[in-house]
Amino acid sequence: MLATMATGLLASPAAAASASNQTAVSAVAKPKPAVSAGTPKASPAHYEGRCPAKVTFSSTIKVKAVAAKTTVAYRWLRGDGSKSQVKTLVLKGKGVKGVTVKESTTFKGDVKGWQALQVLSPRAATSRKGYFEVSCGGGNDEGDGKDVIQNSVGARVWVDEGNCEAALIGRISASNPTWVHYRWVVNGDVVDRDAVRVNGSAKVVHVIKPRHNLSGWAVLEIVDPDHSSSNRVGFRIWCKDESPKVTASVSAPDAYTGTCPVSRTFTGTIGVSEGRGTVKYRWIRDGVAGAWQDIFFDGRGYQTRTVTDSWSASASGTSKRAIELYGGSTTGTVEGKVTCQAAPEVKSWVVGESVSATQTAGTCPAATLSGTGQIYASGATTVNYRWTVDGVTVSSGPLVFTEAGTKTVTFTKATNGTHGGSAKLAIDGAGAQSVNFNAVCNV
């Protein structure tokens, strides 16, 4: 069960270090610098011409340093499963520092792949993949002028035990330059598909990262312009630790400025690599631990769940949150900020020249008097209005505004058509407007 395995995992030092892009901290631990790695850019990103070809990869490391000197260790990850040696550099001074790192590689043949930058210290961070392509042009294969596709998965398939992965290497050959659509099939399932421009031959790579021990076979299939398959190659991936990995991260709501009280929500993400069961966690609110809570995973491979925690602020200030995993690591602490401002005064008035009153003859001397007018409010409020005719109230009541805008109020009453008079629309504490009406019945 996941609950049992996760507890054992989280109690181990290896598990405590597995929180995604987070480092376990305690109430007395010194803060570690925030670190990010930019997506590598290849120059050139798409090369077509004579080989060998040199491609330079560059990426920017940003560190929010908290010490006078900060040592940064990093390495390059490559799409063929290899890694560069670990390199270090020293940043001086506190605050946000940025440094650009580069690596150049010379390619002698066609290749399509990616590189990523992995920061190892002072805090782990891995960039997104930066893709590139090299097409050398020309080929050594002889043919009859037709596009004949010959492909095979190379015998060189290996396992990177440190990262629990295997890279499948295939080479596609064509007698004439052509686009080839292909797909990778692993243990009978299509796991990747793509297209490559083949001019002689081209190398294609697929990396398997199963997160657990895995063995089986792989085939590279040509879909178009031919339908054929390579030789079947077997592989075996060994992962040092098959126990479930439980990770957690937390993010703060955007800074808020406006009227208070207001509710803000912190969001956490808890993930497991595999396994079925319950994971225990709790929120750390401004340094104070809350009650343990449970979250269930159904065992369908890698999964994540989102959890939230609310902060109700009635005054300006900040609040901090972190998530602690039971028997394991604690995420970094994030901070939310609220700046309270007084609500603007809501004003209301009778819209100028909107008030009118019309008397209509019935069976004289009987008649009907109708009035209409508009009231504007600058925000949400309740306005009390009153219609009077010759000083006598004929209609009144509250008028509710949920937002700024204009509302129309009317009245209708029976009158003696032999008399004219005055009608007035007034609102409490905000003035009034009057309008005269004429007699419509002759005596």
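1. Some remarks on empty space enclosed by the protein
Link 1 in the chain: Evaluation of the coordinates by the stated rule reveals one cavity of 30 Å³ or more.
Link 2 in the chain: In this structure, the largest cavity spans a volume of roughly 30 Å³.
Link 3 in the chain: What lines the largest cavity is D110, V111, K112, E133, V134, S135, V196, R197, A202 and K203.
Link 4 in the chain: Secondary-structure elements contributing two or more residues to the lining of the largest cavity are β8 (111-121), β10 (130-135), β15 (189-198) and β16 (201-208).
Link 5 in the chain: Sort the elements by how many residues they give to the lining of the largest cavity and β10 lands first, with three residues.

2. Description of the sheet that holds strand β32 (residues 381-389)
Link 1 in the chain: Taken together, the four strands give an open sheet; going across it, the order is β33-β32-β35-β36, and neighbouring strands pair in antiparallel fashion. The outermost strands of the open sheet, each flanked by one partner alone, are β33 (392-401) and β36 (432-437). Pairwise comparison of adjacent strand axes, ignoring direction, gives a mean angle of 15° for this sheet.
Link 2 in the chain: With six bridges joining them, strand β35 (residues 421-427) and β36 adopt antiparallel strand pairing. Along β36, the bridge assignment pairs K424 with S434.

3. Description of the pattern of salt bridges
Link 1 in the chain: Enumeration over the complete set of coordinates arrives at eight salt bridges.
Link 2 in the chain: Its salt-bridge partner being E324, residue R282 comes within 2.9 Å of it at the nearest N-O pair. Of this pair, R282 sits in strand β23 (residues 276-285) while E324 sits in strand β27 (residues 317-325), placing them 42 residues apart in sequence. With respect to class, R282 is no different from E324; both count as buried.
Link 3 in the chain: Measuring nitrogen to oxygen at the nearest pair gives 3.6 Å for the salt bridge that ties R386 to D428. Separated by 42 residues along the polypeptide, R386 in strand β32 and D428 in the loop between β35 and β36 bring together distant segments of the chain.
Link 4 in the chain: One continuous salt-bridge network, built from bridges that share partners, spans R285, D309 and R321.

4. Observations regarding the sheet that holds strand β22 (residues 262-272)
Link 1 in the chain: Strand order in the open sheet formed by three strands is β20-β22-β26, with antiparallel pairing between adjacent strands. In the strand order of this sheet, the two ends are held by β20 (246-251) and β26 (303-313), each with one partner. For this sheet, the mean angle separating the axes of adjacent strands, direction not counted, is 20°.
Link 2 in the chain: Sheet analysis places β22 next to β26, joined by eleven bridges and oriented antiparallel. Pairing of G271 across the sheet is with T304, part of β26.

5. Examining the side chain of T388
Link 1 in the chain: Position of T388 among the secondary structure elements: in strand β32.
Link 2 in the chain: What makes T388 buried here is its relative accessible area of 10%.
Link 3 in the chain: Setting aside anything within four residues of it in sequence, one finds T388 in contact with T393, V394, S422, A423 and K424.

6. Focus on the pairing of β16
Within a regular beta strand, the side chains point alternately toward one face of the sheet and then the other, so they alternate between its two faces.
Link 1 in the chain: Only one face of β16 is buried: it carries A202, V204, H206 and I208, and the other face, with S201, K203, V205 and V207, is open.
Link 2 in the chain: Sheet analysis places strand β13 (residues 165-174) next to β16, joined by eight bridges and oriented antiparallel. By the bridge assignment, R171 is partnered in β16 with K203.

7. Quick word on the state of the cysteines
Link 1 in the chain: Applying the stated criterion to the full structure yields two disulfides.
Link 2 in the chain: Here C260 is linked by a disulfide to C340, with a sulfur-sulfur distance of 1.9 Å. Taking the torsion about the sulfur-sulfur bond, which here is approximately -90°, the covalent link between C260 and C340 counts as left-handed. You can see C260 sitting in the loop between β21 (256-258) and β22 and its partner C340 sitting in strand β28 (residues 334-340), a full 80 residues away along the chain.
Link 3 in the chain: Paired through a disulfide, C364 and C441 show a sulfur-sulfur distance of 2.0 Å. Disulfide C364-C441: torsion about the S-S bond near -75°, hence left-handed. Of this pair, C364 sits in the loop between β30 (356-361) and β31 (366-377) while C441 sits in the segment after β36, placing them 77 residues apart in sequence.

Conventions used here
- Residues numbered from 1 in each chain as written.
- Predicted model: local features only at pLDDT ≥ 70, side-chain atom pairs only at ≥ 80, totals over all residues.
- Heavy atoms only, no water.
- 1 Å grid on protein atoms, 1.4 Å probe; cavity = no way out; pocket = protein on both sides within 12 Å on 5 of 7 lines; lining within 4 Å.
- Points joined across faces, edges and corners; volume = space filled by probe spheres on them.
- Helix = DSSP H or I, 4+ residues; strand = E, 2+ residues; numbered from the N terminus.
- Pairing = 2+ DSSP bridges.
- Axes fitted to C-alpha atoms, helices over the stretch in contact; angles between N-to-C directions.
- Salt bridge = Lys/Arg side-chain N within 4 Å of Asp/Glu carboxyl O.
- Buried < 20%, exposed > 50% of the residue type's maximum accessible area, 1.4 Å probe, protein only.
- Contact = heavy atoms within 4.5 Å.
- Disulfide = S-S within 2.5 Å.

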